[in-house]
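# Observations on the three-dimensional arrangement
These are the residues of each chain, in order.
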Amino acid sequence: MSTKDYVEKDYYKTLGVAKDASAAEIKKVYRKLARDLHPDKNPGNAEAEEKFKEAAEAYSVLSDADKRARYDRFGHGGLGAQGGFSGFDPQTFGDFADVLGDLFGLGDLLGGGRRRGRRGQPGSDLRYDLELTFEEAAFGVSRTLRVPRLEVCSDCSGTGSAGGTAPATCRACGGMGQVRFQQGFLTVARTCPQCRGRGTVVDDPCKRCHGNRRVEEERTLEVAIPAGVETGARLRLSGEGEAGLDGGPRGDLYVMLHVEEHPRLRREGPHVLSEVEVTYPQLVMGATVEVETVHGPMPLDIPAATQPGEQFRLPGQGVQRLDGRGKGDHVCFVHLQVPAPGDLGDEEKELLKRLAELGGKPIRERRKMKERVRDLFG
Ligand SMILES: [Zn+2]
Ligand SMILES: [Zn+2]
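Sheets are built from strands paired through backbone hydrogen bonds, the pairs being either parallel or antiparallel. Spatially, the four strands line up as an open sheet ordered 10-11-15-14, and their pairing is mixed. The sheet is open, and its two edges are formed by strand 10 (266-268) and strand 14 (311-314), each paired on a single side. Adjacent strand axes in the sheet meet at a mean angle of 30 degrees, parallel and antiparallel pairs treated alike. Where strand 10 meets strand 11 (residues 271-278), three bridges bridge the pair, whose relative direction is antiparallel. Following the sheet pairing, Arg-267 is matched in strand 11 by Val-272.

Structural data, given as structure tokens:
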């Protein structure tokens, strides 16, 4: 088991367009690709079907101005935060029905039925939701998944008949899988209700699968989660979905990642954000404080005359970028800790009183007040 299939492809390359391609251009190129790669035009061609899925995925992102902007800035990580294509179901191709509808229309619907008969029934894709800790997502981890999935029944070799004998031809449809009947002037064909379109029936069902031809079995899979993933990211384990029937291909397994929140750290793509509490004297005079990063505590120099809320960057102390281009930064916000008088000793209170009496004039307060009032009520 490897994650070389990790869905981390360059969407522009997938569609074969330039990074600055216009929306109209992307749509045009995609329509051509979808037409050429459509499963109806390439029966039994698994590679074309794979490319078809990839093109659809790329188009679902690049055709959406908002998703595209985030993808341009943050790569696949940018799609994670808002779910990416968690709503994208590779089995139904629902996302681009609008694009394909006018191209294939009814022919596509009829094609679906024919396809099944020719190349067997493909196994379903499976979804597995995997929880990761903040650290596991940051550094990557190897996890063992137990996946219940349908496998071809070994007792009957997937025939559904006891002893693995070949099932009998359906008498209702004569093995055609369809029955025809007259409706006015029309002859209408519909799926045979006796054999559900399979063309065969099982007279003596297999004891293990009860004629269902597949049984649920639990599989143990080792999966390597790369460093830098985020909630909403998806790993595709090719061919680890359910078994197909009649020579149909296996489905894929999609591992949807959910990353736990950290009590003090927050991810923003490859960057990690935190807050550090400092005192008034530290802001005024400058200080070296300790900052918690994913790589452990690090010293941060705060210069003299730092304002509360200012942010400082520790370059390269964030999380590994998914595309391998180094690490993000750690960004630390300075938060002024104002103690309650009860938390102070007598000497500290004396000093504060004296400080207040000496009075230093506020530097930017007048102008700032206006802005704050505007923020509150404006
Ligand atoms: Zn069986
Ligand atoms: Zn039948």
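That shown, we press on.
For the zinc ion (ligand 2), the full set of protein donor atoms is Cys-170 (SG), Cys-173 (SG), Cys-192 (SG) and Cys-195 (SG), and the range of their distances to it is 2.2 to 2.4 Å. Counting gaps between the donor residues of the zinc ion (ligand 2) yields the pattern C-x2-C-x18-C-x2-C. Taken together, the positions of Cys-170 in the loop between strand 3 (168-169) and strand 4 (178-183) and Cys-192 in the loop between strand 5 (186-191) and strand 6 (200-201) put the pair 22 residues apart, joining distant regions of the chain. For the pair formed by Cys-170 and Cys-192, the shared burial category is buried.

The next point concerns the sheet that holds strand 9 (residues 253-259). Reading across from one edge, 1-9-8 is the order of the three strands in this open sheet, with mixed pairing throughout. Both edges of this open sheet fall to strand 1 (126-132) and strand 8 (234-237), since each of them pairs with a single strand only. For this sheet, the mean angle separating the axes of adjacent strands, direction not counted, is 25 degrees. Across seven bridges, strand 1 lies against strand 9 in parallel orientation. Counted as the bridge partner of Leu-126 is Leu-253 from strand 9.

Here we come to the coordination of the zinc ion (ligand 1). Protein-derived coordination of the zinc ion (ligand 1) comes from Cys-153 (SG), Cys-156 (SG), Cys-206 (SG) and Cys-209 (SG), at a distance range of 2.3 Å. The coordination sphere of the zinc ion (ligand 1) comprises four donor atoms, whose angles at the metal cover 104 to 115 degrees; the geometry is tetrahedral. Each donor residue of the zinc ion (ligand 1) lies on one chain, and together they are spaced C-x2-C-x49-C-x2-C. Remark: Cys-209 occurs in the loop between strand 6 and strand 7 (214-225) and Cys-153 occurs in the loop between strand 2 (141-152) and strand 3; sequence separation between them is 56 residues. Taken individually, Cys-153 and Cys-209 each receive the classification buried, so the pair is uniform in this respect.

This part takes up the packing of aromatic side chains. For the structure shown, the criterion picks out three aromatic pairs. When the centroid spacing of 6.2 Å and the interplanar angle of 35 degrees are considered together, the rings of Tyr-12 and Tyr-71 count as tilted. Placement of the pair is Tyr-12 in helix 1 (residues 11-15) and Tyr-71 in helix 4 (residues 65-74), with a sequence separation of 59 residues. With relative accessibility at 2%, the residue Tyr-12 sits in the buried group. Taking the relative accessible area as the measure of exposure, Tyr-71 reaches 8% and is therefore buried. Taking the centre distance of 4.1 Å and the plane angle of 10 degrees together, the rings of Tyr-30 and Tyr-59 count as stacked. With a gap of 29 residues between them, Tyr-30 in helix 2 (residues 23-37) and Tyr-59 in helix 3 (residues 46-62) connect regions that are remote in the sequence.

The next thing to look at is helix 9 (residues 346-358). If you check helix 9, its first and last C-alpha atoms are 18 Å apart, about what 13 residues at 1.5 Å a residue would give, namely 18 Å. Of all 13 residues that make up helix 9, zero are buried, and the element is exposed over most of its length. Looking one or two residues past helix 9, Gly-359 carries a phi angle of roughly 65 degrees, positive in sign.

Before going further, it helps to spend a moment on the confidence of the model for the chain. Mean pLDDT over the chain: 82, with 82% of residues reaching 70 or higher. Segment residues 1-7: pLDDT under 50, and 19 contacts once partners within four positions in sequence are set aside and those in other chains are kept.

Within the secondary structure, Glu-292 sits in strand 12 (residues 287-293). Classification of Glu-292 as partly exposed rests on a relative accessible area of 32%. For the pair formed by Glu-292 and Cys-332, sequence separation is 40 residues and the distance between their alpha carbons is 9.1 Å. If we skip the residues at most four places from it in the chain, Glu-292 touches His-262, Arg-264, Leu-265, Ser-274 and His-330. A distance of 2.6 Å separates a polar atom in the side chain of Glu-292 from a polar atom in the side chain of Arg-264.

The rules we used
- Residues numbered from 1 in each chain as written.
- Chains lettered and ligands numbered in written order.
- Predicted model: local features only at pLDDT ≥ 70, side-chain atom pairs only at ≥ 80, totals over all residues.
- Heavy atoms only, no water.
- Pairing = 2+ DSSP bridges.
- Helix = DSSP H or I, 4+ residues; strand = E, 2+ residues; numbered from the N terminus.
- Axes fitted to C-alpha atoms, helices over the stretch in contact; angles between N-to-C directions.
- Donors = N, O, S within 2.8 Å, 3.2 Å for Na, K, Ca; no water.
- Buried < 20%, exposed > 50% of the residue type's maximum accessible area, 1.4 Å probe, protein only.
- Tetrahedral: all angles 85-135°; square planar, octahedral: opposite > 155°, others 65-115°.
- Phe/Tyr/Trp six-rings, centres within 6.5 Å; stacked < 30°, edge-to-face > 60°.
- Expected span 1.5 Å × (residues − 1).
- pLDDT = per-residue confidence, 0-100.
- Contact = heavy atoms within 4.5 Å.
- Polar contact = N/O pair within 3.5 Å; in protein donor to acceptor, adjacent residues only side chain to side chain.

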